[in-house]
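# Architecture and fold: a report
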Amino acid sequence: MPIPKAVMQLAIPTVISSLVMVIYNLADTYFVGMLNDPIQNAAVTLAAPVLLAFNAINNLFGVGSSSMMSRALGGKDMDTVYKSSAFGFYCALFSGLLFSVLYTVFSAPLLVVLGANAETAQATGGYLMWTVSFGAAPAILNVVMAYLVRAEGASLHASIGTMSGCLLNILLDPIFVLPWGLNLGAAGAGCATFISNCVACLYFFVLLFVRRGRTYVCINPRQFRPTMRIVRGVCGVGIPASIQNLLNVTGMTVLNNFAASFGSDAVAAMGIAQKINTVPFQVALGISQGIMPLISYNYASGNTRRMKKTFFFTARISLSFLFLVMIAYLVFAGDLVRMFMDNEQIVAYGTSFLRGMCLAMPFLCMDFLAVGVFQACGLGKEAFIFAVLRKIVLEIPALFILNWIFPLYGLAYAQLVAEIILAAAAIIVLARLFRRLERHQYPG
């Protein structure tokens, strides 16, 4: 298949899937914002790091297993394909159940760590009860199953599954949140998300049942035999990807705690700006993950030339899109924030935050594409190094320094500082990787 067509066929459904969690959260933020209550809106913002922590498990078993499946398909090793998919599925299920238990037991101290206070703790706890205590397993499992289905090239089915839950969430949110419905506020948004994730899981179970005998995704318990080779293959890619998300959770928690010291209006505004900025963020992430099966397959089969062409075509598309979105956000930041809450103080805060955050977008593109190539090729060490550089070495220290120099408003520029450096590092590391692969494939 021509590279542009192959990239679009894989990337477009994957981008849609990546946007699903954003749309879930945007829907929650939008309908909770209609209450015009900063406390309820702050609750959704403060809970966000816990939901983002789900992605650590999604990446550990979703990215790890799907990368191994794609590489095994490229090498025609069907036994590994079946065992790695079963390993990813059952580990995701057990992890989701464990996540629910641990949160329920330690919810009180965790709310303090998240930045909740006497004003926001009850609303935050109500939202997390549905999304985590009851909903961790379905939330994690439907994303991991989408990764497994996508690994065999069925990106459309992966997108339909996740989008089914997303659309249901948008329909249920006003019923559960608003005064004319059940009037549950933030807790109602959490309940709607829980039900929607359960429906998405059901879609994937039905899909695998209908396609039995014609799919490489295996959830047969008898194939759940975690040999050392399977564990190493999945975790070698999955652990760095998981740590990357845990570091994102840490960064978001630090950011929310800084914002919380300026009051619930600042927290609500920061949350709205983050959610709006996450839309192109997830598009860039979805593009980088969408090409992973294509990169993995060509890497395993030794077709370096096609692998490089795939990367450069994707980089041009992604950079052009993100640059245009950055311009739009700079111009229309105030209008976008006002869509979620018509409060002058929150709009003023949110406009400044969004304009600072969006400047990092073009640089973020190169970082995500580099990490996607590393994960696709099984280069977990390189992906891990980039994750540590982004948050621990660059972004979190920048939060402290910029907040000290420009209280509150400086927080929005920490990601820009980190991504400029990481983009330069990505170009250098990828150039070396491609040269090494070409020398190996075309010696002399």
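Details of the structure are given in the entry above.
This report concerns the structure included in the present document. Just so it is clear, the model here is predicted, and its values are computed rather than measured. (Residues numbered from 1 in each chain as written. Predicted model: local features only at pLDDT ≥ 70, side-chain atom pairs only at ≥ 80, totals over all residues. Heavy atoms only, no water.)

### Some thoughts on the overall build of the chain
From N to C terminus, the chain includes 16 helices and zero strands. Relative to the compact-globule value of 22 Å for 444 residues, the chain shows a C-alpha radius of gyration of 21 Å, a close match. For the C-alpha atoms alone, the extent of the chain along its principal axes is close to 65 × 45 × 35 Å. Within the chain, the proportion of its 444 residues that are buried is 60%. A separation threshold of at least 6 residues defines the contact pool for the chain, and within that pool the share at least 24 residues apart is 83%. Averaging the positions of the 27 positive and the 16 negative side-chain charges in the chain gives two centres separated by 20 Å. (Helix = DSSP H or I, 4+ residues; strand = E, 2+ residues; numbered from the N terminus. Rg over C-alpha atoms; globule rule 2.2 N^0.38 Å. Buried < 20%, exposed > 50% of the residue type's maximum accessible area, 1.4 Å probe, protein only. Contact = heavy atoms within 4.5 Å. Lys, Arg positive; Asp, Glu negative; His and termini not counted. Charge placed at Lys NZ, Arg CZ, Asp CG, Glu CD.)

### Points about the packing of aromatic side chains
Summed over all chains, the structure comprises 20 aromatic pairs. The structure contains a cluster of three or more aromatic residues connected by ring pairs, namely Phe61, Phe87, Phe89, Tyr90, Phe94, Phe205 and Phe224. (Phe/Tyr/Trp six-rings, centres within 6.5 Å; stacked < 30°, edge-to-face > 60°.)

### Quick word on the pattern of salt bridges
In the structure shown here, the tally under the stated rule is two salt bridges. A salt bridge links Asp79 to Lys83, with the shortest nitrogen-to-oxygen separation between them at 3.2 Å. One end of the pair, Asp79, and the other, Lys83, are both in helix α3 (residues 78–105), four residues apart, so they sit about a helical turn from each other. Classification of Lys83 by relative accessible area gives buried; the value is 15%. A salt bridge links Arg338 to Glu344, with the shortest nitrogen-to-oxygen separation between them at 2.9 Å. (Salt bridge = Lys/Arg side-chain N within 4 Å of Asp/Glu carboxyl O.)

### A few points about the packing of helix α12 (residues 304–338) against helix α14 (residues 361–376)
When two helices pack together, their arrangement is given by the angle between the helix axes and the distance between those axes. Two numbers describe how α12 lies on α14: the axes approach to 8 Å, and their chain directions differ by 150°. Overall, the two elements α12 and α14 adopt an arrangement that is roughly antiparallel. Here the hand of the crossing between α12 and α14 comes out right-handed. In this structure, α12 uses Met307, Phe311, Thr314, Ala315, Ser318, Leu319, Leu322, Phe323, Val325, Met326 and Tyr329 to contact α14, whose residues at the interface are Met361, Pro362, Cys365, Met366, Leu369 and Val373. Class assignment of the residues belonging to the contact of α12 with α14 gives a composition of 15 nonpolar, two polar and no charged. (Axes fitted to C-alpha atoms, helices over the stretch in contact; angles between N-to-C directions. Parallel < 35°, antiparallel > 145°, perpendicular 65-115°, else oblique. Left-handed = near helix turned anticlockwise from the far one by under 90°. Nonpolar A, V, L, I, M, F, W, Y, C, P; charged D, E, K, R; others polar.)

### Considerations on the packing of helix α2 (residues 38–74) against helix α5 (residues 121–134)
Interaxial distance between α2 and α5 falls to 8 Å at its minimum, and their mutual angle equals 35°. Classified by chirality, the crossing of α5 by α2 is right-handed. Every residue of α5 that contacts α2 at Ile39, Gln40, Ala43, Val44, Leu46, Ala47, Val50, Leu51 and Phe54 is listed here: Ala123, Thr124, Tyr127, Leu128, Thr131 and Val132. When the residues that make up the contact of α2 with α5 are grouped by side-chain class, the tally is twelve nonpolar, three polar and no charged.

### A look at empty space enclosed by the protein
Applying the stated criterion across every chain yields a total of four cavities of 30 Å³ or more. Taken as a whole, the second largest cavity encloses approximately 80 Å³ of empty space. In terms of lining residues, the second largest cavity is bounded by Ser66, Ser67, Ser70, Tyr147, Arg150, Ala151, Gln289, Met292, Pro293 and Ser296. At the level of elements, α2, α6 (136–151) and α11 (292–300) are the ones that each hand at least two residues to the lining of the second largest cavity. The residue inventory of the lining of the second largest cavity, partitioned by class, reads four nonpolar, five polar and one charged. (1 Å grid on protein atoms, 1.4 Å probe; cavity = no way out; pocket = protein on both sides within 12 Å on 5 of 7 lines; lining within 4 Å. Points joined across faces, edges and corners; volume = space filled by probe spheres on them.)

### Points about the layout of surface pockets
In this structure, the largest pocket spans a volume of roughly 380 Å³. Surrounding the largest pocket, 16 residues form its lining, Leu10, Glu152, Gly153, Pro293 and Tyr297 being those nearest its centre. Elements supplying a minimum of two residues to the lining of the largest pocket: α1 (3–33), α2 and α11. Its residues assigned to classes, the lining of the largest pocket comprises ten nonpolar, three polar and three charged.

### Topic: a positive patch on the surface
On the surface, Arg432, Arg435, Arg436 and Arg439 cluster together into a patch of positive charge. Within the element layout of this structure, Arg435 appears in helix α16 (residues 414–441). By relative accessible area, which is 44% here, Arg435 ends up partly exposed. (Patch = residues over 30% accessible without salt bridge, like charges linked within 9 Å, V, L, I, M, F, W, Y side chains within 5 Å. Areas by Shrake-Rupley, 256 points an atom, 1.4 Å probe, with all protein chains shown as cover.)

### A word on α5
The end-to-end C-alpha distance of α5 is 18 Å, a good match for the 20 Å that 14 residues give at a rise of 1.5 Å each. At Leu128, α5 is bent by approximately 40°, the largest bend along its length. Inspection of α5 places Ala123, Thr124, Gly125, Gly126, Tyr127, Leu128, Thr131, Val132 and Ser133 among the buried residues, and these make up the whole buried set. (Expected span 1.5 Å × (residues − 1). Bend = angle between axes of the 7 residues up to and from the residue.)

### Considering the nonpolar core
In terms of nonpolar packing, the biggest core is built from 140 residues, with Phe54, Phe99, Leu128, Val132, Val149, Phe353 and Leu430 touching the most fellow members. A total of 19 residues in this core trace back to one element, the largest contributor, which is α2. Residues within four places of Phe54 in sequence aside, it is in contact with Phe99, Thr131, Val132, Ala136, Ala139 and Ile140. (Core = buried A, V, L, I, M, F, W, Y, C linked by side-chain atoms within 4.5 Å.)

### Let's talk about helix α10 (residues 264–290)
When the terminal C-alpha atoms of α10 are compared, their 37 Å separation across 27 residues agrees well with the 39 Å that a helix rising 1.5 Å per residue should span. Residue Thr278 marks the point of greatest curvature in α10, where the axis turns by about 35°; the proline Pro280 follows within four residues. Where burial is concerned, most of α10 is hidden: 23 out of the 27 residues are buried.

### Focus: the state of the cysteines
Working definition: the covalent bond between the sulfur atoms of two cysteines is a disulfide. For the structure on display, the rule yields zero disulfides. Left without a disulfide partner, Cys358 is nearest to the cysteine sulfur of Cys365, which lies 15 Å away. (Disulfide = S-S within 2.5 Å.)

### Some thoughts on a nonpolar patch on the surface
The grouping of Leu98, Val101, Leu102, Val105 and Phe106 at the surface amounts to a nonpolar patch, some 490 Å² of accessible area in total. Positionally, Val101 belongs in helix α3.

### Things to note about the side chain of Thr215
Tracing the chain through its elements places Thr215 in the loop between α8 (186–210) and α9 (228–260). With a relative accessible area of 13%, Thr215 lands in the buried category. Within the local environment of Thr215, its side chain forms a polar contact with the backbone nitrogen of Val217, the two atoms lying 3.1 Å apart. (Polar contact = N/O pair within 3.5 Å; in protein donor to acceptor, adjacent residues only side chain to side chain.)

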